[in-house]
Amino acid sequence: EIGQQASVASDRALHAALAYNLTHNLVDAYRYYWHEMPFWLQEGFAHWQRRQVDDTADLFTFLPTALPEKNRQLDWPTSVRARTQLNNFTPLRDVLPWLDDRTIEFGDHLAIWSRVDFILRRHPAAFGKLMHAIKGPEMKGATFTPTAERLLQRQLDALNTVLGWTPEAFDTAWTAFAKETYPRK
């Protein structure tokens, strides 16, 4: 599967592919396998890790179908800045319920990567606290796995507890970060 998405002809490309895929595996394993981490946090972190190694080899859990390969933008920071300038992104409140990326667009990948970049650059201690608050057994009744509704509520509670923000306040802070941090075209 790695070879289907990115050229692994170089050590750097292979390292980037491993960083991306191992991040998914390690995040899934964090606090056991009771449930997967919310998609935006897991995929955004995997993109972030991959871009630390090589920012030219795009990898995705599922290939985005909304944009042809030739139109993929390698300059993610500049693209995110432009999108935030135009308010051309899916609001975090709408992102939180996503379970996978089978139906999202390429621009959504840019935004979830950038949201994780924002947390890791501006609030690095909060990232681990968010993961810890969201992931873990439910321990209610006979089930250990939270329902989709409870997982959404865990995310809302974690954002409020850890960062003191609603999804809307998060987006306000994130877009300000993108506009002041990422370069213009």
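Here we summarise the structure given alongside this text. (Residues numbered from 1 in each chain as written. Predicted model: local features only at pLDDT ≥ 70, side-chain atom pairs only at ≥ 80, totals over all residues. Heavy atoms only, no water.)

### What about empty space enclosed by the protein?
Turning to step 1, where the next piece is worked out: Using the criterion set out here, one finds one cavity of 30 Å³ or more in the structure.
Turning to step 2, where the next piece is worked out: By volume, the largest cavity is sized at about 30 Å³.
Turning to step 3, where the next piece is worked out: Lining the largest cavity we find Val80, Arg83, Thr84, Asn88, Phe89, Gly107, Leu110, Ala111 and Trp174.
Turning to step 4, where the next piece is worked out: Per-class residue counts for the lining of the largest cavity are five nonpolar, three polar and one charged. (1 Å grid on protein atoms, 1.4 Å probe; cavity = no way out; pocket = protein on both sides within 12 Å on 5 of 7 lines; lining within 4 Å. Points joined across faces, edges and corners; volume = space filled by probe spheres on them. Nonpolar A, V, L, I, M, F, W, Y, C, P; charged D, E, K, R; others polar.)

### Topic: the side chain of threonine 175
Turning to step 1, where the next piece is worked out: Structurally, threonine 175 is set in helix H9 (residues 167–181).
Turning to step 2, where the next piece is worked out: Setting aside chain neighbours within four positions, we find threonine 175 in contact with Thr84 and Phe89. (Helix = DSSP H or I, 4+ residues; strand = E, 2+ residues; numbered from the N terminus. Contact = heavy atoms within 4.5 Å.)

### Comments concerning the packing of aromatic side chains
Turning to step 1, where the next piece is worked out: Tallied over the full model, the rule gives 12 aromatic pairs.
Turning to step 2, where the next piece is worked out: On the basis of an interplanar angle of 20° and a centroid distance of 6.3 Å, the ring pair of phenylalanine 45 and tryptophan 48 is categorised as stacked. Taken together, the residues phenylalanine 45 and tryptophan 48, both in helix H3 (residues 39–53) and three residues apart, mark about one turn of the helix. There is no split in this pair, since phenylalanine 45 and tryptophan 48 are both buried.
Turning to step 3, where the next piece is worked out: Ring centres of phenylalanine 118 and phenylalanine 170 lie 5.4 Å apart, and the angle between their planes is 80°; on these two criteria the pair is classed as edge-to-face. Taken as a pair, phenylalanine 118 in helix H6 (residues 106–122) and phenylalanine 170 in helix H9 lie far apart in primary sequence, 52 residues in all. In this structure, phenylalanine 118 and phenylalanine 170 share a single accessibility class: buried.
Turning to step 4, where the next piece is worked out: Through pairs of rings, three or more aromatic residues link up here, namely Trp40, Trp76, Phe106, Trp113, Phe118, Trp165, Phe170, Phe177 and Tyr182. (Phe/Tyr/Trp six-rings, centres within 6.5 Å; stacked < 30°, edge-to-face > 60°. Buried < 20%, exposed > 50% of the residue type's maximum accessible area, 1.4 Å probe, protein only.)

### Some remarks on helix H4 (residues 76–85)
Owing to its 3.6 residues per turn, the α-helix brings residues three or four apart onto one side.
Turning to step 1, where the next piece is worked out: Among the 10 residues that make up H4, seven are buried, leaving the element largely enclosed by the rest of the structure.
Turning to step 2, where the next piece is worked out: Turning to H4, its buried residues number three or more, namely Trp76, Pro77, Thr78, Ser79, Val80, Arg81 and Thr84.
Turning to step 3, where the next piece is worked out: Turning to H4, the residues buried within the fold contact H3, H6 and H9.
Turning to step 4, where the next piece is worked out: Remark: asparagine 87 follows H4 within two positions and exhibits a positive phi of approximately 55°.

### What to know about unusual backbone geometry
Turning to step 1, where the next piece is worked out: Backbone geometry places asparagine 87, a non-glycine residue, at a positive phi of 55°.
Turning to step 2, where the next piece is worked out: Summarising the element assignment, asparagine 87 is placed in the loop between H4 and helix H5 (92–95).
Turning to step 3, where the next piece is worked out: Given the relative accessible area of 57%, asparagine 87 is considered exposed.

### Some remarks on the pattern of salt bridges
Turning to step 1, where the next piece is worked out: Throughout the structure, instances matching the rule amount to five salt bridges.
Turning to step 2, where the next piece is worked out: Close ionic contact of arginine 93 with glutamate 168 constitutes a salt bridge, the shortest N to O distance being 2.6 Å. Of this pair, arginine 93 sits in helix H5 while glutamate 168 sits in helix H9; the two residues are 75 residues apart in sequence, bridging distant segments of the chain.
Turning to step 3, where the next piece is worked out: A salt bridge links arginine 122 to glutamate 180; the shortest N-O distance between them is 2.7 Å. Of this pair, arginine 122 sits in helix H6 while glutamate 180 sits in helix H9; the two residues are 58 residues apart in sequence, bridging distant segments of the chain.
Turning to step 4, where the next piece is worked out: Here arginine 122 falls in the partly exposed class, since its relative accessible area comes to 39%.
Turning to step 5, where the next piece is worked out: According to the relative accessible area criterion, glutamate 180 is exposed, its value standing at 56%. (Salt bridge = Lys/Arg side-chain N within 4 Å of Asp/Glu carboxyl O.)

### A short note on the packing of H4 against H9
Turning to step 1, where the next piece is worked out: Their axes nearest at 9 Å, the elements H4 and H9 cross at an angle of 125°. Accordingly, the angle class assigned to the pair H4 and H9 is oblique. For the crossing formed where H4 meets H9, the hand is left-handed. Across the interface between the two elements, Val80, Arg81, Thr84 and Gln85 of H4 pack against Trp174, Thr175, Ala178, Lys179 and Glu180 of H9. (Axes fitted to C-alpha atoms, helices over the stretch in contact; angles between N-to-C directions. Parallel < 35°, antiparallel > 145°, perpendicular 65-115°, else oblique. Left-handed = near helix turned anticlockwise from the far one by under 90°.)

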